[in-house]
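Structural description and commentary
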Amino acid sequence: MALTPFLDPLPIPRVLKPKERTKGVTYYEVKMEEFFHKFHSELPESKVWGYEAQLPGPTIEAEQGECVHVKWINNLPDEHFLPIDNSIHGAGKDMPQVRTVVHLHGAEVEPDSDGYPDAWYTRDFAKCGPRFAHKIYKYPNNQRPATLWYHDHALGITRLNVYAGLAGMYIIRNEEERALNLPSGRYEIPLVIQDKTFNEDGSLFYPTTVNVPNPPPDFPNPSITPGFTGDTIVVNGKAWPYLEVEQRKYRFRILNGSNQRFYRLSLDSGQQFIQIGSDGGLLQRPVRLDEIVIAPSERMDVVIDFTNQRVGTNIVMTNTARIPFDFGAPPDPQTTGLVMQFRVIERNGEDTSSVPQFLSNIKRYNECDASRIRDISFDVTTDNFNRLLFLLSNHEYMDGITENPIVGELEIWRLINQGIAFHPIHVHQIQFQVLDRTPFDTDAYNLTGQLLFTGEPELPPANERGWKDTIQAPPGFVTRIAMRFGPYTGRYVYHCHILEHEDHDMMRPLEVLPKKCVPVNPDGCKNCSEAFLCLNE
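About the thresholds
- Here the residue index of a chain counts from 1 through its sequence in written order.
- Reporting in this predicted model follows two pLDDT cut-offs: at least 70 for local features of residues, and 80 or more for side-chain atom pairs to be given and counted; totals over whole chains, interfaces and linings ignore these cut-offs and use all residues.
- Here the side-chain values reflect all heavy atoms present in the structure, with hydrogen atoms and water set aside.
- Aromatic rings from Phe, Tyr and Trp, with only the six-membered ring used for Trp, were paired whenever their centres fell within 6.5 Å, and each pair was classed as stacked if the ring planes differed by under 30 degrees, edge-to-face if by over 60, and tilted otherwise.
- Under the DSSP-based scheme used, a helix requires at least four consecutive residues in state H or I and a strand at least two consecutive residues in state E, with every element numbered from the N terminus.
- Exposure is judged per residue with a 1.4 Å probe applied to protein chains only, and the accessible area is read against the type maximum: over 50% gives exposed, under 20% gives buried, and values in between give partly exposed.
- When DSSP finds two or more bridges between a pair of strands, those strands are recorded as paired.
- Only the contacting stretch of a helix is used when fitting its axis, a line to C-alpha atoms as for every element, and angles between N-to-C directions run 0 to 180 degrees.
- Contacts are assigned to residue pairs with any non-hydrogen atoms lying within 4.5 Å of each other.
- Here a cavity denotes grid points, spaced 1 Å and computed from the protein atoms alone, that fit a 1.4 Å probe unable to get out, and a pocket denotes an open set having protein on both sides within 12 Å along at least 5 of 7 lines; residues with an atom within 4 Å of a point are the lining.
- Grid points are joined across faces, edges and corners, and a volume is the space filled by probe spheres set on the points.
- For this classification, the nonpolar set comprises Ala, Val, Leu, Ile, Met, Phe, Trp, Tyr, Cys and Pro, the charged set comprises Asp, Glu, Lys and Arg, and every other residue, Gly included, is treated as polar.

Summed over the entire model, instances satisfying the criterion amount to 26 aromatic pairs. Relative to Phe-198, the ring of Phe-39 has its centre 5.0 Å away and its plane inclined at 55°; by these criteria the two rings are tilted. Separated by 159 residues along the polypeptide, Phe-39 in the loop between strand 2 (25-37) and strand 3 (46-51) and Phe-198 in the loop between strand 10 (188-196) and strand 11 (232-235) bring together distant segments of the chain. Accessibility assignment for this pair places Phe-39 and Phe-198 in one class, buried.

And the structure:
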């Protein structure tokens, strides 16, 4: 149905108050609930899921070094309202339909609090997955101030739970950043951008099947698709909202919370974005950009200056990213090409905020210090139902561990994308640095497995030279990232953050080992606890 854009004001997610503060711990209880939400004043209410019955969930704010404990409470019904494919791993008919586990995306936490896909649980913790350990998650926040986000990560149904509404922002702050005098208070606004499709009755639409050549007689219905994009852009839970902005600077923390859709954002006024931060916090220096490209799960911290805009001016944030990114169909300029509108009003008082030329110190990794270089290939095949299947290094999720970094040691990963699509790759537990991207001969690689480079390495653009936890890996390029795992050891995952790819089967486990543990079986083992020998013993 056709909806009028820029009809509803932009909601601002509330900041969650803790339940209590005791003995150096800030304690929250956050309930996941089913409720009805109005995405647009011309739409009927939609059944959704949300943290604290909000969409997106409330923002959690923490000080750097503040110990935060959260009890994530599943109060959801027993049956899912979106179509579940029982043929993919972790989602069989023997599994509870509704199960959840929360991942604080970008956080440096112990494995028991990371939101491992197999650590799911049902309402009242009645049933729990094999990796479930604790009801209360612990977030030490011993990392740089940054824009993180929390979302569901349950094995086999992450795409459905996030699309249903289980996502929210988490912001780490400190005094050093506050001293920079960036726009703050009501002039600092989170923007959670997602895409949805609605049925005529206002309910959320999610596809139940996919067309494949020569499907077998037992082709599943519902069936997972290789990706989902909606026809309506939603910001902070409202379709194509507007925001009144004064003639001054604003700070926007932008999150792409969509399942598959990339966004290429620009302002139709011709204004630039001043990017000041990325996934892992502030950049070293601000970067002025005419447009920003943001992949699923990436965050971009930007300042927009409306000082010189006339009162009464309406400015539209537009999207020109193709789907699939960036070779498919262009967005409809009347729907998916629109994101939101800014309406300029008179300034209320003086704007004393600033954007300093130096923001933070980022010490670059030295490649010579790397103890290991790993090749991670992106592979495309089909499953036993002839559906597209995206893999990492030709392994499915359940194939056992092949990456076992040593805590504290620097590793370089070469992400080898010989396909035709971009993949946003997210690594749990750490923030990494982007080294470069180098074009290579994909045909030769597919035939022989040899990397034949066809050009010089391309350094990352200035806005990718900070800390990242998700990286856009373009087709036909080897994208190199450098990372140092720690301070914790244990089981984590890395995966594509196109959620349909993650669920089927572009996700792999990894095990961070203590310094004196080495693999007994270099090919890995399904039971990691028996696959490594500790030399201390």
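Spatially, five strands are ordered 23-22-24-28-26 in an open sheet, and the strand pairing comes out mixed. The sheet is open, and its two edges are formed by strand 23 (388-392) and strand 26 (433-439), each paired on a single side. Direction aside, the axes of adjacent strands within the sheet are offset by 20° on average. Where strand 24 (residues 410-417) lies against strand 28 (residues 477-484), eight bridges are found, and the strand directions are antiparallel. Following the sheet pairing, Ile-416 is matched in strand 28 by Val-478.

Topologically, Lys-127 is positioned in the loop between strand 6 (102-105) and strand 7 (136-139). On the basis of relative accessible area, Lys-127 is assigned to the exposed category, the value being 52%. The sequence separation of Lys-127 and Asp-443 amounts to 316 residues, and the corresponding C-alpha distance is 47 Å. Discounting residues that sit within four places of it in the chain, Lys-127 has contacts with Pro-96, Trp-120, Tyr-121 and Thr-122.

All right, on to the sheet that holds strand 15 (residues 263-267) then. The strand order across the open sheet built from five strands is 13-21-20-15-18, with neighbouring strands paired in mixed fashion. Whereas interior strands pair on both sides, the edge strands pair on one side only; in this sheet they are strand 13 (242-246) and strand 18 (292-294). For this sheet the average axis-to-axis angle between neighbouring strands, irrespective of direction, equals 25°. Sheet topology note: the strand 15/strand 20 (residues 314-319) ladder contains three bridges and is antiparallel. Considered in strand 20, the bridge of Ser-266 is made with Thr-318.

It is worth spelling out empty space enclosed by the protein at this point. Under the definition given, this model contains one cavity of 30 Å³ or more. If you add up the space inside the largest cavity, you get close to 50 Å³. Where the lining of the largest cavity is concerned, the elements lending two or more residues are strand 8 (146-152), strand 14 (249-256), strand 16 (273-278) and strand 17 (281-289). Classifying every residue of the lining of the largest cavity by side-chain character gives four nonpolar, four polar and four charged.

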